[in-house]
Amino acid sequence: MSLLTDDGVCIEAEYTPRRPARAGAPAAAPDGLVVVLAHGFTGSLDRPALRRAAAVFAQHSPVVTFSFRGHGRSGGRSTVGDREVLDLAAAVRWARILGHTRVATVGFSMGGSVVIRHAAEYRQAHEGRTGAHTDMVVAVSAPARWYYRGTAAMRRLHWVVERPLGRLVGRLGLHTRIHSRGWDPVPLSPTEAAPLIAPTPLLIVHGDRDPYFPLDHPRALAAAAAPDSTDLWIEPGYGHAENAAPPELLTRIASWLNEHG
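Conventions adopted
- Residues numbered from 1 in each chain as written.
- Predicted model: local features only at pLDDT ≥ 70, side-chain atom pairs only at ≥ 80, totals over all residues.
- Heavy atoms only, no water.
- Axes fitted to C-alpha atoms, helices over the stretch in contact; angles between N-to-C directions.
- Helix = DSSP H or I, 4+ residues; strand = E, 2+ residues; numbered from the N terminus.
- Parallel < 35°, antiparallel > 145°, perpendicular 65-115°, else oblique.
- Contact = heavy atoms within 4.5 Å.
- Buried < 20%, exposed > 50% of the residue type's maximum accessible area, 1.4 Å probe, protein only.
- Polar contact = N/O pair within 3.5 Å; in protein donor to acceptor, adjacent residues only side chain to side chain.
- Patch = residues over 30% accessible without salt bridge, like charges linked within 9 Å, V, L, I, M, F, W, Y side chains within 5 Å.
- Areas by Shrake-Rupley, 256 points an atom, 1.4 Å probe, with all protein chains shown as cover.
- Salt bridge = Lys/Arg side-chain N within 4 Å of Asp/Glu carboxyl O.
- Phe/Tyr/Trp six-rings, centres within 6.5 Å; stacked < 30°, edge-to-face > 60°.
- Lys NZ or Arg CZ within 6 Å of the ring centre and 35° of its normal.
- Pairing = 2+ DSSP bridges.

J.: Please clarify how the packing of helix 2 (residues 84–97) against helix 3 (residues 110–121) should be interpreted in this entry.
T.: In a packed pair of helices, the relevant descriptors are the angle between the two axes and the axis-to-axis distance. Close contact between helix 2 and helix 3 brings their axes to 9 Å; oriented N to C, the two are set at 70°. The orientation of helix 2 with respect to helix 3, classified from their angle, is roughly perpendicular. Residues Glu-84, Val-85, Leu-88, Ala-89 and Val-92 of helix 2 form the contact with helix 3, whose own contacting residues are Met-110, Val-114, Val-115, Arg-117, His-118 and Glu-121.

What follows is the structure, encoded as structure tokens:
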């Protein structure tokens, strides 16, 4: 499916129905629930890691996957988490058009920052935005603040995003088309957005072996968010985002969604 964002970018999206129940299958999600997956930077709906994650969630509920702008077969150029909120909003609206009454957004890395900001900016009470809001939020391996360069992995990422040669490498080597202009204005940071999500349930998941963002990031997010509607999981041995997420962790996240759905 090709979806049109509010700023006129076409993004590719795909719908996966729940797998038929079988002996030993996980419990089904509540009726009407769909999971919308938001991939990390340089990912897409066709990447094996996201497809593996979608397959796990599809054992519990229908799944919508999509490619952020500048990724996969979507149009436009990546703004590395800024205008990607509009891409997620388009995917959530499509999920509701398909008949789902409850939408859970699950984002990895860059997608984790996007689901947090989307939940804050597209609350149901906002006039004219009904249908684009989420009912549950899961941020996996998400940053807490912008412009972080404290790890070698993030210094490499900034080189790819900020330098002309880096953007060429991103386009040719990583199949990601990156916008050359910086943020103006700088979007709300995930830590600033986190307290605005309540009372929507929020789950923050982070690995203690994450090579991009150390543990002060998830802890800062959890400290900023409303304690009554926020859970924090620090996962021993887990690395970063969808590429490192084991099926067992994804199944636990799906179970958390079922409990809160």
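J.: Would you take a moment to explain the side chain of His-71 for this structure?
T.: Structurally, the position occupied by His-71 is in the loop between strand 4 (63–66) and helix 2. Classification of His-71 as buried rests on a relative accessible area of 0%. Of the polar contacts made by the side chain of His-71, one reaches the backbone nitrogen of Thr-42; its length is 3.0 Å. Apart from residues lying up to four places away in sequence, His-71 is in contact with Glu-12, His-39, Gly-40, Phe-41, Thr-42, Gly-43, Ser-78, Met-110, His-175, Thr-176 and Arg-177.

J.: Explain a nonpolar patch on the surface to me, please; I cannot follow it from the model alone.
T.: A cluster of nonpolar side chains, contributed by Trp-159, Leu-165, Leu-168, Val-169 and Leu-172, occupies part of the molecular surface with about 450 Å² of accessible area. Among the elements that take part in the nonpolar patch, helix 5 (residues 164–172) stands out by supplying 4 residues, more than any other. Within the secondary structure layout, Leu-172 lies in helix 5.

J.: Can you help me understand the packing of aromatic side chains in this one?
T.: The description of an aromatic ring pair uses the distance of the two centres, along with the angle that the planes make with each other. For the coordinates displayed, the defined rule picks out 6 aromatic pairs. Note on Phe-66 and Phe-68: the rings are 5.0 Å apart at their centroids and 85° apart in plane angle, and the pair reads as edge-to-face. Like Phe-66, the residue Phe-68 is buried in the burial classification. A centroid spacing of 5.7 Å and a plane angle of 55° characterise the contact between Tyr-147 and Trp-183, whose relative ring orientation is tilted. With Tyr-147 in the loop between strand 6 (136–140) and helix 4 (152–162) and Trp-183 in the loop between helix 5 and helix 6 (190–193), this residue pair connects regions lying 36 residues apart in the sequence. One aromatic cluster in this structure is built from Trp-146, Tyr-147 and Trp-183. Stacked on the ring of Trp-233, the Lys or Arg Arg-252 has its end atom at 4.5 Å from the ring centre.

J.: What is the right way to read the pattern of salt bridges from this model?
T.: Opposite charge on two side chains permits them to pair, given that their charged atoms come into close proximity. If you walk through the whole model with that rule in mind, you get 15 salt bridges. Arg-83 is the salt-bridge partner of Asp-7, the closest N and O atoms lying 3.0 Å from each other. Of this pair, Asp-7 sits in the loop between strand 1 (2–4) and strand 2 (10–16) while Arg-83 is found in the loop between strand 4 and helix 2, placing the two residues 76 residues apart along the sequence. You can call Asp-7 partly exposed: its relative accessible area is 28%. Of the residues examined, Arg-83 reaches a relative accessible area of 38% and is grouped as partly exposed.

J.: Help me understand the environment of Gly-76, please; the structure alone is not making it clear to me.
T.: Within the element layout of this structure, Gly-76 appears in the loop between strand 4 and helix 2. Among the residues examined, Gly-76 registers a relative accessible area of 40% and is labelled partly exposed. The spacing of Gly-76 and Cys-10 is 66 residues in sequence and 7.6 Å in space, taken between C-alpha atoms. Excluding residues within four positions of it along the chain, Gly-76 makes contact with Val-9, Gly-70 and Arg-177.

J.: Would you mind going over the sheet that holds strand 7 (residues 202–207) with me for this structure?
T.: Within a sheet, adjacent strands bond to each other through the backbone by hydrogen bonds, running parallel or antiparallel. Ordered by their spatial adjacency, 8 strands build an open sheet running 1-2-4-3-5-6-7-8, and the pairing between neighbours is mixed. In this open sheet, the two strands that pair with only one neighbour each are strand 1 and strand 8 (230–235). In this sheet, adjacent strand axes meet at a mean angle of 25° when their direction is disregarded. Sheet topology places strand 1 next to strand 2; 3 bridges connect them, and they run antiparallel. If you follow Ser-2 over to strand 2, its bridge partner there is Glu-12.

J.: Would you mind going over the environment of Met-154 with me for this structure?
T.: With respect to the secondary-structure elements, Met-154 resides in helix 4. Sequence separation of Met-154 and Leu-168 is 14 residues, and the distance between their C-alpha atoms is 18 Å. In contact with Met-154, not counting residues within four places along its chain, are Tyr-148, Arg-149, Tyr-212 and Phe-213.

J.: Where do I start with the environment of Val-34 in this structure?
T.: Summarising the element assignment, Val-34 is placed in strand 3 (residues 33–38). Judged by relative accessible area, which is 0%, Val-34 ranks as buried. The sequence separation of Val-34 and Ser-229 amounts to 195 residues, and the corresponding C-alpha distance is 20 Å. The residues touching Val-34, leaving out its near neighbours within four places in the chain, are Tyr-15, Pro-62, Val-63, Val-64, Ala-95, His-100, Arg-102, Val-103 and Ala-104.

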